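# A closer look at the structure
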Amino acid sequence: MRLKNVPGARETIAESSLVIHEPEKQKGIWQQLFENSNPIHIEIGMGKGRFIYGMAKEHPDINYVGIEKYSSVLLRAVQKMEEEPLPNLRFIRMDAEEIAEVFAKDEVDRIYLNFSDPWPKDRHAKRRLPSREFLARYDSFLKQDGQLEFKTDNRELFDFAVEELPFAGWKIDNITYDLHHDEEMMKGNIMTEYEEKFSSMGNPIYKYIISRI
Ligand code: SAM
């Protein structure tokens, strides 16, 4: 997804009021930023933002924060928001490894991971967003009854994600190995860029919804 050398991307992101530039200063006071007490849902590794923008548009009573590592990718989401701003959506450009510095205990109601990078080498397993190391970070700020939703077309990554759960103290609430043919789990589904691409190639989409034991 990384778009190399998009001219001006870094500067545009640095100047955008849609991007929260010192997110650790918002820790514990995110609702003040949105000027309401609505729940906060976050997407980590949001890419160009199609999913989170669609969710924010469809659910105005929920506040959304989209997190993306690269300015060149986040730029597309910022440009879309400049065309049609939404009051309940903001972005952070950061590496999610630092995410526990940004949200306080119980501050987030729901987490979305969509088509996360697979990091296929074993020695990089800790970088996978559904790994036990990341689940421990999410544990520090997700409400006790909060849920995490993960979808991907990568079977190896999905199997890894499922196997990580007992080590991290999470359990499956819902799971499908063919989301687009699962009427119940498809309700309210908003496609991501990758989902559109891979499902149109005929790949099944895997999804789980998990919560703490
Ligand atoms: N979620 C989008 C979708 O489904 O179309 C994008 C999927 S793309 C394969 C993965 C995205 O996650 C990339 O844009 C990448 O830069 C971002 N990403 C990967 N690791 C990240 C991290 N540690 N922190 C923040 N973003 C990350």
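This structure is a prediction, so every number in the text was calculated from the model and none was measured. (Residues numbered from 1 in each chain as written. Predicted model: local features only at pLDDT ≥ 70, side-chain atom pairs only at ≥ 80, totals over all residues. Heavy atoms only, no water.)

Right, let's talk about helix 6 (residues 155-168) for a bit. Helix length check: helix 6 (14 residues) gives 20 Å between terminal C-alpha atoms against 20 Å at 1.5 Å per residue, within 8%. Inspection of helix 6 places L157, F158, F160, A161, E164 and L165 among the buried residues, and these make up the whole buried set. Around the axis of helix 6, the buried residues are gathered within 160° of arc, so they sit on the same side. Exposed residues pointing more than 90 degrees away from the buried face of helix 6 are listed as E156, E163, P166 and F167. (Helix = DSSP H or I, 4+ residues; strand = E, 2+ residues; numbered from the N terminus. Expected span 1.5 Å × (residues − 1). Buried < 20%, exposed > 50% of the residue type's maximum accessible area, 1.4 Å probe, protein only. Arc of directions from axis to C-beta.)

On to the side chain of S131, then. Within the secondary structure layout, S131 lies in the loop between strand 4 (108-114) and helix 5 (132-139). If near-sequence neighbours (up to four positions away) are discounted, S131 is found in contact with A125, K126, F160 and E164. (Contact = heavy atoms within 4.5 Å.)

To continue, consider the sheet that holds strand 7 (residues 206-212). The mixed open sheet is built from seven strands, whose spatial order is 3-2-1-4-5-7-6. Edge positions in the open sheet fall to strand 3 (89-93) and strand 6 (170-176), since each of these has one partner strand only. On average, each strand axis in the sheet is tilted by 20° relative to the strand beside it, whichever way the strands run. Taken strand by strand, helix 4 (residues 71-83) contacts strand 2 (63-68) and strand 3, and its axis lies near 165° from that of strand 3. Helix 5 rests against strand 1 (40-44), strand 4, strand 5 (142-152), strand 6 and strand 7 of the sheet, and its axis sits at about 145° to strand 5. (Pairing = 2+ DSSP bridges. Axes fitted to C-alpha atoms, helices over the stretch in contact; angles between N-to-C directions.)

The next thing to look at is the pattern of salt bridges. Evaluation of the coordinates by the stated rule reveals 14 salt bridges. With its nearest N and O atoms 2.9 Å apart, the salt bridge here joins D109 to K143. With D109 in strand 4 and K143 in strand 5, this pair connects stretches of sequence that are 34 residues apart. By relative accessible area, which is 29% here, K143 ends up partly exposed. (Salt bridge = Lys/Arg side-chain N within 4 Å of Asp/Glu carboxyl O.)

Looking now at the site of the ligand. Near the ligand lie 18 residues; those nearest to it are G45, E68, A96, N114 and T192. In this structure, a nitrogen atom belonging to the ligand sits 2.9 Å away from a main-chain N or O atom of N114. Protein contacts shield 96% of the accessible area of the ligand, which totals 600 Å² for the unbound molecule. The class makeup of the residues in the shell around the ligand is eight nonpolar, four polar and six charged. (Near = heavy atom within 4 Å. Polar contact = N/O pair within 3.5 Å; in protein donor to acceptor, adjacent residues only side chain to side chain. Areas by Shrake-Rupley, 256 points an atom, 1.4 Å probe, with all protein chains shown as cover. Nonpolar A, V, L, I, M, F, W, Y, C, P; charged D, E, K, R; others polar.)

With that out of the way, let us pick up a nonpolar patch on the surface. Together, I172, I175 and Y177 give the surface a local cluster of nonpolar side chains, amounting to about 230 Å² of exposed area. By secondary structure assignment, the location of I172 is in strand 6. Under the relative-accessibility criterion, I172 is labelled partly exposed at 35%. (Patch = residues over 30% accessible without salt bridge, like charges linked within 9 Å, V, L, I, M, F, W, Y side chains within 5 Å.)

A full pass over the atoms with the stated rule returns twelve aromatic pairs. A ring pair is formed by F158 and Y206, whose centres lie 5.6 Å apart and whose planes are at 25°; its orientation type is stacked. In this pair, F158 sits in helix 6 while Y206 sits in strand 7, placing the two residues 48 residues apart along the sequence. Here a set of aromatic residues connected by ring pairs shows up, and it is made of W30, F103, F134, Y138 and F141. The ring of Y194 carries K197 above its face, with NZ or CZ at 5.9 Å from the centroid. (Phe/Tyr/Trp six-rings, centres within 6.5 Å; stacked < 30°, edge-to-face > 60°. Lys NZ or Arg CZ within 6 Å of the ring centre and 35° of its normal.)

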